[in-house]
Structures are given as structure tokens and as C-alpha cells.
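Coordinate inspection notes
So the chains spell out like this:
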Amino acid sequence: GLVHITQIQDGFVESVADVLKVGQEVQVRVTSVDVGAGKMSLSMKEEYQPREPDDLSAFEGIPSDQWLTGKVVSTPKFGAFVE
């Protein structure tokens, strides 16, 4: 899934590569899922406030306050991809 640069931490992140490194383990939460497109949005922030209701039905068994462990696989300018 993708952790958008605005969801990495509170405050301004100038460069994703300055905050996250490929291979680094991080704690993330699932914030939205598009099963048809095969996309998942993730957040590393303590408090997540969705802008609109999200369909998280693919993750019904996972509580919204549960943190998941993933590994950073790439850090493009706009965020970080985590597996």
C-alpha cells in the first residue's frame, strides 16, 4: 500500500527519503482500500481523520485502531510504498 507523504508524520516532510529508508519496518494503519484497482492507502500518523467514509470491508476483521507492521519497499517523492 501507499503511505502518502502527508500521512508519514505530523508536520511538513520535505523529503520522504530523509524520514524513511527502503527496508525499514514501520507501523501503519489501513485508511482506504480500492479492491478493484488493487490499491491500499496507509497512514503512519497516530490519529487518522478520514475526509469521507471509506470502504474498508476487505479488512472487516481488523480493528481500525490496530497497527500493522510492514516494510518500506520504495520512497518516491510523494510517499512510501509499504508491503
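These notes cover the structure that comes with them. Everything numeric in this text was worked out from a predicted model, so none of it was measured.

This brings us to the pattern of salt bridges. Counted under the stated rule, the structure contains one salt bridge. Taking the shortest distance from any N to any O, the salt bridge between Asp10 and Lys45 comes out at 3.9 Å. Taken as a pair, Asp10 in the loop between β1 (2–4) and α1 (16–19) and Lys45 in the loop between β3 (39–43) and β4 (68–74) lie far apart in primary sequence, 35 residues in all. On the basis of relative accessible area, Asp10 is assigned to the exposed category, the value being 60%.

This part takes up the environment of Lys71. As for its placement among the helices and strands, Lys71 is situated in strand β4. Under the relative-accessibility criterion, Lys71 is labelled partly exposed at 40%. A sequence separation of 49 residues divides Lys71 from Val22, and the C-alpha atoms of the two residues are 7.6 Å apart. Other than its neighbours up to four places away in sequence, Lys71 contacts Gly23, Gln24, Glu25, Phe81, Val82 and Glu83.

About the cut-offs
- Residues numbered from 1 in each chain as written.
- Predicted model: local features only at pLDDT ≥ 70, side-chain atom pairs only at ≥ 80, totals over all residues.
- Heavy atoms only, no water.
- Salt bridge = Lys/Arg side-chain N within 4 Å of Asp/Glu carboxyl O.
- Helix = DSSP H or I, 4+ residues; strand = E, 2+ residues; numbered from the N terminus.
- Buried < 20%, exposed > 50% of the residue type's maximum accessible area, 1.4 Å probe, protein only.
- Contact = heavy atoms within 4.5 Å.

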